[in-house]
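# Breakdown of the fold
Next come the chains, spelled out residue by residue.
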Amino acid sequence: MARLFPLSLVSIAAAFGCAAAAPAPAPKPNMDPGALPPAESAARRDSSAMPAAPPPSAPPDEAFRNGWMPLGETGVDAFIRTHPTFDGRGVLIAVLDSGIDPGIAGLGRTSTGERKVLDLRDFSREGLVVLTPLSPRGDTVQVGGQRLAGFGRVAALASGSRSFGGVLRELPLGEAPAADVNGNGSVGDSLPVVVALASDGWVLFADTDGDGSLANERPIHDYLTGHDTFAWSTAGRPAPLNIAVNFADAGEASPPTLDLFFDTSGHGSHVSGIAAGHDMYGIRGFDGVAPGAFLLECKIADDAQGGITTTASMIRALAYAIGFAAARHLPLVVNMSFGVGNESEGAARIDAILDSALAAHPEVTFTVSAGNDGPGLSTVGFPGSAARVITVGATLPSTFLTAAPGQRPAGPLAFFSARGGELAKPDIVTPGMAYSTVPRWDVGGERENGTSMASPHAAGLVALLISAAAPRRLDAATVRQALMVTARPSAGSTFLDEGAGLPDVGRAFRWLQSARTAEPVDAFVSGRPGRSAAYQAVTRGGLADTVVTFMLRPARVDTFRLRASAPWLHAPDRVIAGPAAGAVRLTYDSRAFAAPGVYSAVVTGWRSDTQGGPAFRLVNTVVIAHPAGRDVTLRLDVPGGGVERVFFTADSGRPFSVRGSSAADGATLYLHEPGGMPYRDGTGLPIGTGPSSAVFDVGGREALGGTYEIDAVAPPLDRATVSLDVRQAPLTLQLMRDRAGLQATLINLTAAPVAARAAVVLIGAEWTQPIIARGSEPQRVPFIVPAWARGVVIEVAMAPTEWERFTDLGLTLFDSAGGQIAKEPLNYALGRLQVPLPPGHGAMRVELALFPGFADERAAADTWTARTTIRLYADSAVSVPGADGTSPVAMTLGPRAAATARFPFRASPWLLGDGFIPMGAVVAETGGMLWTREAGLPVPAPPVMR
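In this report, we go over the structure that sits alongside the text. (Residues numbered from 1 in each chain as written. Predicted model: local features only at pLDDT ≥ 70, side-chain atom pairs only at ≥ 80, totals over all residues. Heavy atoms only, no water.)

## Quick word on the packing of helix H6 (residues 267-276) against helix H9 (residues 451-469)
Packing of H6 against H9 leaves a shortest axis separation of 8 Å and a crossing angle of 35°. Read as a crossing pair, H6 and H9 show a hand that is right-handed. Contact residues: His-267, His-270, Val-271, Ile-274 and Ala-275 in H6; Ser-452, Met-453, Pro-456, His-457 and Gly-460 in H9. Partitioning the contact of H6 with H9 into residue classes produces five nonpolar, five polar and no charged. (Axes fitted to C-alpha atoms, helices over the stretch in contact; angles between N-to-C directions. Helix = DSSP H or I, 4+ residues; strand = E, 2+ residues; numbered from the N terminus. Left-handed = near helix turned anticlockwise from the far one by under 90°. Contact = heavy atoms within 4.5 Å. Nonpolar A, V, L, I, M, F, W, Y, C, P; charged D, E, K, R; others polar.)

As structure tokens, then:
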């Protein structure tokens, strides 16, 4: 059952005479600072009741004293003290993100006093303003129905050329406070702008002070031309959002293309401070990793739709950054704190595009966040799965774990950090938490965590090494090797968890001083060019393949000596490979896999200069899962900051329950579906005892065939003992509707008789709508939410092969006025938007919009398909009596046998909208456990006349 609406489970339990309390809704910890908070209704607010500005999460001077920009974890502070001129100066860091606020203190100047932000460019088109010709009357002009005086100021600069007007509307930008662009307490304003051609190019005028006149306003040029910015504000309040302007000339007869560049996410501003902030918040010495570096800000994400990328925004931004740096002869580091889930690792189109671009530009180093879908295996997202990027996982820096600097332990691996499995990723880990720069509207969001914070830390490390090596020009492969070879692995972690470990910039610099260079070797599983690691998940005794072949492709013919890290993994002593590829045949000793668990080991390949580090790593993992139908009861001892993994095999459609109990404060339980995706209805449940235990009840509709992963995570500094109980139903359930009513069928999967009681309940309504579309235009599905609905669950599913073409797909639910009710980006080929509704809401006319973002225009050219299912849940379930008027119905199922019960049914107790059908659930009780399966109940087809 959907955990968002647990009252239906209470009603189900009542149907059996049980007193079982419904589980609490599954919280969704937002460990990715790029994700926006849950969307609120976009209803306008009374500006006279504007809330007071929130305080910062901590005073900046306190954050500085506490070391909350955790430079010491990677040796940055000591390195810059020893080498003060090796602070990233002369290096350009391009941040491909949500934009930045160009007025932030700390992002204005480099350590040498030069302008830090060299350009701001919007590739998301979120700030696109449509311009139309203006017809001024004397000193006034009408723009978007609003009268502006002082037009003579524009006419004087425009020298008689045409002028154009447009409007920035707040409502489509999302919710307050970010979308309250002028800070008046209302998200619903339309803010007019005027554009004209001056002698030095296109300029923009805006009534920034709200006095209805342009007479006292200054002209705003394209940021690259004049580095101008502006902001709307309300009298007596500081401007919440600073804005830059992008112009593109569309020809003499047309208005220019106008994009307003801003950061209504806060993510890009925060990331930029970590990479290269200098004297943040006006505090001398409060710096990011590379305070001497320049910044180029490329906005690729539409913040209004949940921070989603738009079609080709990644590759257009990367191409711009490469050209920008080349024209200025600046070494380029690119950071992208972004990622979505892989359905088939190594197959995403954006990975291939990035790898091709980086192969053509080996001088460009690209850092990418691994993603926040950990701690499960095979959770690294794309484009972090691209071969030529540096994929960065996260640690929890010790500066945030204790206030006693002399007693700080090493920061543990962050539980949310995505792990490898089918990929030999991440490459390294860096601190995934920091206190950094934010726009004024985002005060309170200075301290954030996620691999989004780790990736710019790594980008800063790269900038330090490049500036230290000057005038020698480092290529990306050499920088990556320097960081990985000198990184420190942590105790108890594997390459799947942390790659090579935590870098130390001083050690990496000393490695580079030997004038070594790295010659990259592409390595992949034979027959799977994008799959950089071997991974098998099987039940005990069922190892499918004890021989795995990797293919190697070095740039030249070379000989490599091989070393295996575990006795069960056998490799030849050496291999010769060249550009035409060479094969490495590895064998597994299956006798080592007697007990369920994870077995992971690495074969490293070495050239004659062993001080240069491994030339490649062949990562091998075998997961032995508990078999299907087998209950699992375990006691797990989890070290502080650690994770214990348990795998079990599930049958398709077979319900199961996972329960974790612990007296430790701060322990958490995670569930990952086959393939690595976090459980679709939410994961990361706090573990308590008794009624506070962490519980995942997975109904038959949700249960997938394959290997599930359970992860018990201890708090960062304390051990935890977790009691784990996995119960799988002895049967599967089916619910169908025919002309006689409802038919509930129970199928016994065991070799023993099963006594069961079955009931049928009605829980709401559902509607399935296929989407068949071409291109990047939003797809819209209007519908009515009836007054009886307590909540809405919207599910979008597509084929995994379809998902490989995308970089994003945003889901937004709008009210009838165009305000956002809720939004959620898809992270995998299946995603959900869950929307609780307030009591007494009445019937609501709403619209679901799907915003597709493709890797490139070619990927968007072909037809794409998806299935949208909208489910409306009622306040409580309604029991359907059995054929004899009673419920539940007692049933006895023989071994491997089925039994069916009938439940008369004519119509839904709720009024259903167009396209909706009743939704019900069959519930079975066996041995004190309740098992469920939801189902839509379409009207049966009429009989065929013969």
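The structure having been displayed, the exposition proceeds.
## Focus: the side chain of Thr-399
Take Thr-399: it is sitting in the loop between strand E18 (390-395) and strand E19 (428-431). In this structure Thr-399 comes out as buried when scored by relative accessible area, which is 12%. Engagement of the side chain of Thr-399 in a polar contact is seen with the backbone oxygen of Gly-67, the distance being 3.2 Å. (Buried < 20%, exposed > 50% of the residue type's maximum accessible area, 1.4 Å probe, protein only. Polar contact = N/O pair within 3.5 Å; in protein donor to acceptor, adjacent residues only side chain to side chain.)

## Brief notes about the sheet that holds strand E33 (residues 656-661)
With antiparallel pairing, four strands are arranged side by side in an open sheet as E31-E38-E33-E36. Unpaired on one side and paired on the other, strand E31 (632-638) and strand E36 (694-698) mark the two borders of the sheet. Taken pair by pair, the neighbouring strands of this sheet meet at an average axis angle of 15°, ignoring direction. Inspection of the sheet shows E33 paired to E36 by five bridges, in the antiparallel sense. The residue bridging Arg-659 from the neighbouring strand is Val-695, located in E36. (Pairing = 2+ DSSP bridges.)

## Focus: the pattern of salt bridges
Enumeration over the complete set of coordinates arrives at 37 salt bridges. Residue Asp-427 pairs with Lys-425 through a salt bridge whose shortest N-O separation is 3.0 Å. For the pair shown, Asp-427 and Lys-425 are each scored as buried. Through salt bridges with shared partners, a single network forms among Asp-681, Arg-701, Glu-702, Glu-766, Glu-795, Arg-832, Arg-867, Arg-871 and Glu-934. (Salt bridge = Lys/Arg side-chain N within 4 Å of Asp/Glu carboxyl O.)

## Details of H6
Of all the ten residues making up H6, ten are buried; the element is thus mostly covered by neighbouring parts of the structure. Every buried residue of H6 is listed here: His-267, Gly-268, Ser-269, His-270, Val-271, Ser-272, Gly-273, Ile-274, Ala-275 and Ala-276. Considering only its buried residues, H6 is in contact with strand E1 (92-97), strand E13 (294-299), strand E16 (332-336), strand E20 (433-435), strand E21 (447-449) and H9.

## Concerning the packing of aromatic side chains
Throughout the structure, instances matching the rule amount to 33 aromatic pairs. Pairwise contacts between aromatic rings join Phe-64, Trp-68, Tyr-281, Phe-286, Phe-400 and Tyr-435 into one cluster. Across the ring face of Phe-324, the terminal group of Arg-328 is positioned such that the distance to the ring centre comes to 3.6 Å. Sitting over the ring of Trp-68, Arg-447 keeps its end group 4.7 Å from the ring centre. (Phe/Tyr/Trp six-rings, centres within 6.5 Å; stacked < 30°, edge-to-face > 60°. Lys NZ or Arg CZ within 6 Å of the ring centre and 35° of its normal.)

## Focus on the sheet that holds strand E27 (residues 574-577)
The sheet built from five strands is open, its strands ordered E23-E30-E29-E25-E27 with mixed pairing. With one partner strand each, in any of the chains shown, strand E23 (533-539) and E27 form the two edges of the open sheet. Averaged over neighbouring strand pairs, the angle between their axes works out to 20° when direction is ignored. In this structure, strand E25 (residues 558-564) lies alongside E27, joined through four bridges in antiparallel fashion. When the sheet's bridge partners are listed, Thr-559 is paired in E27 with Ile-576.

## Focus on the side chain of Ser-455
Counting through the fold element by element, Ser-455 comes out in helix H9. Polar side-chain contacts of Ser-455 include one of 3.4 Å to the backbone nitrogen of Val-368. Ignoring sequence-local partners within four residues, the contact set of Ser-455 consists of Asn-335, Met-336, Ser-337, Thr-367, Val-368, Ser-369, Val-392 and Thr-430.

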